[in-house]
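Now for the letters of each chain:
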2 protein chains.
Amino acid sequence: MTVQTATLSNGFRIVTEHMPGLQSASLGIWVCAGGRHERTEQNGIAHFLEHMAFKGTKTRSALQIAEAIEDVGGYINAYTSREVTAYYARVLAADTPLALEVIADILRNPVFEPSEIEVERHVILQEIGQAHDTPDDVIFDWLQEQAYPDQPLGRTILGETDRVNSFDRDDLLRFVGEHYGPEQLILSAAGAVDHDSIVAQAKALFGDMPSRPGDAALPGTFRGGESRQEKQLEQAHMALAFEAPGYRDPAFYTAQVYAIALGGGMSSRLFQEIREKRGLCYTIFAQSGAYADTGMTTIYAGTSGKEVADLALLTIDEMKRAADDMSAAEVDRARAQMKAGLLMGLESPAARAERMARMMQIWGKVPPIAETVARIDAVTLDKVRTFAEAQASQAPLALSLYGPVAQAPDLAQLQARRAA
Amino acid sequence: MTVQTATLSNGFRIVTEHMPGLQSASLGIWVCAGGRHERTEQNGIAHFLEHMAFKGTKTRSALQIAEAIEDVGGYINAYTSREVTAYYARVLAADTPLALEVIADILRNPVFEPSEIEVERHVILQEIGQAHDTPDDVIFDWLQEQAYPDQPLGRTILGETDRVNSFDRDDLLRFVGEHYGPEQLILSAAGAVDHDSIVAQAKALFGDMPSRPGDAALPGTFRGGESRQEKQLEQAHMALAFEAPGYRDPAFYTAQVYAIALGGGMSSRLFQEIREKRGLCYTIFAQSGAYADTGMTTIYAGTSGKEVADLALLTIDEMKRAADDMSAAEVDRARAQMKAGLLMGLESPAARAERMARMMQIWGKVPPIAETVARIDAVTLDKVRTFAEAQASQAPLALSLYGPVAQAPDLAQLQARRAA
């Protein structure tokens, strides 16, 4: 399998990978703009825009957009994250040109009809309500806010109700003007695709866009803090985070391996100590997420209100212990999990298109899988221990608690225990 | 790609499919026993057993089970449904024999150590708490209870807290004795696998099990009813169901096509009328699920407390309208979605192994994909309309409401509107 790239004269980038044996393709446009590119008063507009893309173009109604893809059995969707807004489709091989044409249409020709904006505003308010009804969803928004307070990176993707209520057509057009130039667009396609055909079609669909560099996002600074919301729930939900390296940091893979060893699977320390030995949780995990310039290692668990204090203190203890006695076997295993997970995941065209788009955004190229594997293999026990020590001492912590959390320790208590 | 099957002399069944080009395999044992095989006093035991499988064998501790798979970067997990309990793994090709050996070990040699039962009981109680904190999870349990009241098929998989508190080692052993004989086990493997090697290994691992036919589950009878739980939530969650054909019913594919046209994608009636035109919901869908002898078409949506009455009535109206004016174009599109979804899904070895296991359970063989596609193609507009008419008239309905649902109509009102 070979990754091929191309760049149109206006800066629009294309990356494809033909995967032999597949009958389908996954393709999309990744726009290098998301929640962190919003100014304070714009918070939620990237996501609003993603919704409005599907509400009608100059030549297609919302229904016609959906029918165009679903008539051929395809699937079209989109998501907004902090750094990217993606519009993507899954189709059988022969329908790849159709899918690309529809995605180009919704990106280039949206009408943002005011009456449709009103309807979609209501849909987004429902989406916000749904997120608030899902404790293990909303708690991560609150954690993010504590990790990056008063910064674009700390705000929610969906935006606050008041702001969502205030957006109008001009706000949408302004964000498009600021961030949807051809230099910010990456077309990524994987599966039963032909590079040359896709490049030719992309040239026809996007080649005439005037070049227009986008504004870079403000850097993110992990500061930490505490959020606690009492609510009558069955479980006390806890999320903890500390800073991790960004994508471009050489320590990125060290943080990933550390998070897997700490709480990435059934053999991990948090799973074994807190679930398997004590039965305190059903769900407990650690994972390390990254942005261009910063990242977060996040731990989540849910338990009863009576046990949340134990859970929080034991979690801190495991972070400390990881710095003291992480073993070579655990690092080996975490590396094996990361490598195998990468290889197995990439058997899916959707995962492959996603990875290529992200790599193009971060590095401007797609490193071969073998290079990524080599970087994972280069993570040593020493590196993981050094990283663990930094986290187990004075680094800032973010804490978010939700549910029957009256008995949960506060951030100062957790920090004191960590320093003890 | 070719499906191959084998049956050991004790009735243990094996199904494999080699998928060229893959470097990984997905394999597992599907046990033909789940929640609906439990007697009233056993409710929750199938799921408890699934948890205990990972808590230690004669030669491996819980940690050693996890390490065995994760040392090679693999992933092991299990789930319990109403008709099946599955234990499965994802591994790189070379580790397929290891994964099969570990799965055989946890199935054949679990120790059910009493102290581990106590710890795991606590984990399951946390899992029940987590489900209760997730409105769009728990509402489907309540819906199931209304659909099949006082029947094994209507009970939850997790079981009630009191029952989970009462289970002991003998209860686990009894359920194993009743339902884990070799005739109830199906080994399914897809991806980079070799049929003959898997059969030889299965013979060594499972060939000595004494034959022991399992008890069939009681038939399920869809009766309908209403469940309403007021709670202070952001959204009013509504789930509605009516009976659909079981897997073995020739009308199975008609019900699937109907559900897709009604609420299976962005071009579906429910999505267009209720979300796109009116903005009443973020999430709304219909889907048709099947058991061996019965099934349920389910509609779910979430909206505000003020709008739940509109939502419920509009949903009924759409069911009625589907019986009146479903078009050939909609049926064509739903068929295309179902076929393409099948083909794209089967590019994943996990989906393929799952499908083969389920087909073996239901049909005792794996129909070729072309046969399934032909059955989908055989669904006509007439068949869909006839099915829709039956649902839009007198057939029993199940209704479940959760959240700020004071203004929601009751079941009698919905039935009256349907009959109007």
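Residues numbered from 1 in each chain as written. Chains lettered and ligands numbered in written order. Predicted model: local features only at pLDDT ≥ 70, side-chain atom pairs only at ≥ 80, totals over all residues.

All right, on to the overall build of chain A then. Summing up its helical and strand segments, chain A has 16 helices and eleven strands in all. Against the compact-globule benchmark of 22 Å for 420 residues, chain A has a radius of gyration of 22 Å, which places it among compact chains. On the principal axes, the C-alpha backbone points of chain A span a range of 65 × 50 × 35 Å. Residues classed as buried in chain A amount to 55% of the 420 residues present. Nonlocal contacts in chain A, meaning residues at least 24 apart in sequence, comprise 80% of its contacts between residues at least 6 apart. (Helix = DSSP H or I, 4+ residues; strand = E, 2+ residues; numbered from the N terminus. Rg over C-alpha atoms; globule rule 2.2 N^0.38 Å. Buried ≥ 20, exposed ≤ 12 C-beta atoms within 10 Å, placed from the backbone. Contact = placed C-beta atoms within 7 Å.)

So, on to the sheet that holds strand β7 (residues 225-230) of chain A. In a beta sheet, neighbouring strands are held together by backbone hydrogen bonds and run either parallel or antiparallel to one another. All names here are of chain A. Taken in spatial order, the five strands line up as β7-β11-β8-β10-β9 in an open sheet, and their pairing is mixed. Two strands close off the open sheet at either side, each with one partner strand: β7 and β9 (284-290). Neighbour-to-neighbour, the strand axes of the sheet open up by a mean angle of 15°, direction not taken into account. Sheet contacts for helix α5 (residues 135-147): β7, β8 (236-244), β10 (295-303) and β11 (397-403); angle to β11, the most-contacted strand, approximately 150°. (Pairing = 2+ DSSP bridges. Axes fitted to C-alpha atoms, helices over the stretch in contact; angles between N-to-C directions.)

This part covers the confidence of the model for chain A. Averaged over every residue, the pLDDT of chain A is 96; residues scoring 70 or more account for 100%. In the predicted assembly, ipTM is 0.94 and pTM is 0.96. (pLDDT = per-residue confidence, 0-100.)

Another point: the packing of helix α9 (residues 252-263) of chain B against helix α12 (residues 328-345) of chain B. Residues and elements named next belong to chain B. Between α9 and α12, the shortest axis-to-axis distance is 9 Å and the interhelical angle comes to 105°. With respect to their mutual orientation, α9 and α12 come out roughly perpendicular. Taken together, the residues of α12 that come into contact with α9 (itself represented by Gln 256, Val 257, Ile 260 and Ala 261) are Glu 330, Val 331, Ala 334, Arg 335, Gln 337 and Met 338. A class-by-class count of the residues in the contact of α9 with α12 yields six nonpolar, two polar and two charged. (Parallel < 35°, antiparallel > 145°, perpendicular 65-115°, else oblique. Nonpolar A, V, L, I, M, F, W, Y, C, P; charged D, E, K, R; others polar.)

What follows deals with helix α1 (residues 45-52) of chain A. Among the eight residues that make up α1(A), eight are buried, leaving the element largely enclosed by the rest of the structure. Turning to α1(A), the residues buried within the fold contact β4 (75-80), β5 (85-92), α4 (114-132), α6 (161-166) and α7 (169-179) of chain A.

All names here are of chain A. Strand order across the open sheet formed by six strands is β1-β2-β6-β3-β5-β4, with mixed pairing between neighbours. The sheet is open, and its two borders are formed by β1 (3-7) and β4, each paired with just one other strand. Neighbouring strand axes in the sheet, compared pairwise and without regard to direction, differ in orientation by 15° on average. Pairing between strand β2 (residues 13-18) and strand β6 (residues 185-191): six bridges, direction parallel. Residue His 18 lies in a different strand from β6, and its bridge partner there is Gly 191. In this fold α1 packs onto β4 and β5, with an angle of close to 170° to the strand it touches most, β4.

Bringing the relation of the copies chain B and chain A into the picture now. Its rotation angle being 180°, the transformation that places chain B on chain A also includes 0.0 Å of axial translation and leaves an RMSD of 0.0 Å. Between the two chains, the operation in question is that of a two-fold axis. Of every C-alpha in chain B, the one belonging to B:Thr134 sits nearest the axis of rotation, 2.9 Å from it. A share of 100% of interface residues in chain B that are also interface residues in chain A marks the association as one of identical surfaces. (Least-squares fit on C-alpha atoms with pLDDT ≥ 70 in both.)

Let us look at the interface of chain B and chain A. Each side of the interface is counted separately: chain B has 56 residues, and chain A has 56 residues. Those elements that provide at least two residues to the side of chain B that touches chain A are α2 (62-70), β5 (85-92), α4 (114-132), α10 (269-276), β10 (295-303) and α12 of chain B. No other element matches the nine residues that α4(B) contributes to the side of chain B that touches chain A. Taken together, the residues of the side of chain B that touches chain A break down into 18 nonpolar, 23 polar and 15 charged.

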